[in-house]
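If you want the building blocks of each chain, they are given just below.
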Amino acid sequence: MRSPASGLAGLLAVVLLPVALLVAWVSSVGTDTDRFVTEMRPVASSPEVRDALTDRTIASVQAQLDLPDRLAQQLEPPLRELVGTVLARPEVDRAWASGLRSAHGELVAVMEGDRPASVDSTGRVVMPLTIELTGLEQLLSGFGLAGDVAVASQIQVPLFSADDLATARRTYAVGSIAGPAAPWIVVGLAAVSVLLARRRVRALGLLGLGGIVASVAFAAGLVVGRGEAADVVRDPIGSAVITSAYGLAEDGLMSETRVALGVSVGLLAIALIVGLVRVILGRRG
């Protein structure tokens, strides 16, 4: 029974290696709100997101004012200039960081089961973003629009659907069980495989080879997933956030994968060297 048990333990170690890397990252880094906000904060300054924020803010203001078409068209150029100026202010950067913190905190709370997901009317999880349009009242007064016109533009940035969140929650549920210890479970299975093997050098070499294949396949999957992440939402702002968040995850997981790949190559090299030494010594004997 030693050989079948060794093979089963080795197979589990190889198959579970990518899962362990993902679970360990999610449990230790993926729930770090401060790091998430720090990494995602520069996204707001990208030209694509800045243009999308400008268009979304103008649309929000126009919808609240509900002006006749002709007056709305006359208002748009100076309003666009005002919004562009406002978006360049530090207050908007802080509002963006606050929205990111709120969205990530909501995500973590939902995945931990503290509360159900809060979605919009289309079933999407959104990031709230409030932009205070200082100077709007003065601008509108120039068009004869007097009165209380202190409009705060509330923008809803869609991030992903509730179905996507359910999938992420299942992954997190697994991660919460094993957590950062997941890679050590794989190491334990590998050790059991070698200890139970009749031919331990061969078992060590197969583990190394299997680890190389699993690590390379996982890295390839991360690269392929990069394109899929961009298509999670069609909204340009949400897409930029999701793509950047995926980039953060990809960097961390690639770093872990390189470590796993290095260890696997080392195991294979040790097995080959020991095997070669045995062959040489056998011939001399």
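Residues numbered from 1 in each chain as written. Predicted model: local features only at pLDDT ≥ 70, side-chain atom pairs only at ≥ 80, totals over all residues. Heavy atoms only, no water.

Before going further, it helps to spend a moment on the overall build of the chain. Counting its regular elements, the chain contains ten helices and two strands. The linear arrangement of helices and strands in the chain, starting from the amino end, is α-α-α-α-α-β-α-β-α-α-α-α. Taken over the C-alpha trace, the chain has a radius of gyration of 27 Å; the compact-globule value for 285 residues is 19 Å, which it surpasses by more than 25%. The buried share among the 285 residues of the chain stands at 40%. Sequence-distant contacts in the chain: of pairs separated by 6 or more residues, those separated by 24 or more amount to 82%. Accessible surface, the chain as shown: approximately 15600 Å² in total, 61% of it carbon and sulfur. Of note, the chain has its 24 positive side-chain charges centred 21 Å away from the centre of its 27 negative side-chain charges. (Helix = DSSP H or I, 4+ residues; strand = E, 2+ residues; numbered from the N terminus. Rg over C-alpha atoms; globule rule 2.2 N^0.38 Å. Buried < 20%, exposed > 50% of the residue type's maximum accessible area, 1.4 Å probe, protein only. Contact = heavy atoms within 4.5 Å. Areas by Shrake-Rupley, 256 points an atom, 1.4 Å probe, with all protein chains shown as cover. Lys, Arg positive; Asp, Glu negative; His and termini not counted. Charge placed at Lys NZ, Arg CZ, Asp CG, Glu CD.)

Now for the environment of E106. As for its position among the elements, E106 is in helix α5 (residues 90-111). For E106 and M127, which are 21 residues apart along the polypeptide, the C-alpha to C-alpha distance reads 9.4 Å.

Burial in helix α2 (residues 33-40) covers these residues: T33, F36, V37 and M40. Down the axis, α2 shows its buried residues gathered within 95° of arc, on one side only. One side-chain oxygen at the N-terminal end of α2 lies 3.3 Å from the backbone nitrogen of D34; it belongs to D32. (Arc of directions from axis to C-beta. Polar contact = N/O pair within 3.5 Å; in protein donor to acceptor, adjacent residues only side chain to side chain.)

With that settled, consider the side chain of T57. Mapped onto the secondary structure, T57 falls in helix α3 (residues 47-65). At 2.7 Å, the side chain of T57 and the backbone oxygen of L53 are in polar contact.

Let us look at unusual backbone geometry. Positive phi values are uncommon outside glycine, yet D66 reaches one of about 50°. Relative to the helices and strands, D66 resides in the loop between α3 and α4 (69-87).

It is worth spelling out helix α9 (residues 200-230) at this point. Taking 1.5 Å per residue, 31 residues should reach 45 Å; α9 reaches 45 Å between its end C-alpha atoms and fits that length. Its maximal kink placed at V224, α9 deviates by approximately 25°. (Expected span 1.5 Å × (residues − 1). Bend = angle between axes of the 7 residues up to and from the residue.)

Okay, the pattern of salt bridges next. Tallied over the full model, the rule gives five salt bridges. The salt bridge partner of R41 is D93, with a shortest N-O separation of 2.9 Å. Taken together, the positions of R41 in the loop between α2 and α3 and D93 in helix α5 put the pair 52 residues apart, joining distant regions of the chain. R41 gets classed as partly exposed once you look at its relative accessible area, which sits at 30%. (Salt bridge = Lys/Arg side-chain N within 4 Å of Asp/Glu carboxyl O.)

In this section: the nonpolar core. L53, L79, W96, L100, I131, L136 and L159 are the most contacted members of the largest nonpolar core, which totals 73 residues. By residue number, the principal contributor to this core is helix α10 (residues 236-284), which donates ten residues. (Core = buried A, V, L, I, M, F, W, Y, C linked by side-chain atoms within 4.5 Å.)

What follows deals with a nonpolar patch on the surface. Taken together, the side chains of L8, L11, L12, V15, L16 and V19 make up a nonpolar region of the molecular surface, amounting to roughly 510 Å² of accessible area. Looking at the element boundaries, L16 is found in helix α1 (residues 2-30). (Patch = residues over 30% accessible without salt bridge, like charges linked within 9 Å, V, L, I, M, F, W, Y side chains within 5 Å.)

Axis angle and axis distance: for two packed helices, these are the angle between their axes and the distance between the axes, and together they describe the pair. Between α3 and α4, the shortest axis-to-axis distance is 9 Å and the interhelical angle comes to 130°. In terms of their interaxial angle, α3 and α4 are classed as oblique. The two elements α3 and α4 meet at a crossing, and its hand is right-handed. Between α3 and α4, the residues in contact are R50, L53, T54, D55, T57, I58, V61, Q62 and L65 and A72, L75, E76, L79, R80, V83 and L87, respectively. (Axes fitted to C-alpha atoms, helices over the stretch in contact; angles between N-to-C directions. Parallel < 35°, antiparallel > 145°, perpendicular 65-115°, else oblique. Left-handed = near helix turned anticlockwise from the far one by under 90°.)

This part covers the side chain of T54. Position of T54 among the secondary structure elements: in helix α3. Judged by its relative accessible area of 8%, T54 is buried. At a separation of 2.8 Å, a polar atom in the side chain of T54 contacts the main-chain carbonyl oxygen of R50. Discounting residues that sit within four places of it in the chain, T54 has contacts with R80, V83 and L87.

Now for the packing of helix α8 (residues 182-196) against α9. Relative orientation of the contacting elements α8 and α9 amounts to 150°, with a least axis distance of 8 Å. Judged by the inter-axis angle, α8 sits roughly antiparallel to α9. By crossing handedness, the relation of α8 to α9 is classed as right-handed. Packed against α8, whose contacting residues are A190, S193, V194 and L195, the element α9 presents R200, A203, L204 and L207 at the interface. For the contact of α8 with α9, the per-class residue count stands at six nonpolar, one polar and one charged. (Nonpolar A, V, L, I, M, F, W, Y, C, P; charged D, E, K, R; others polar.)

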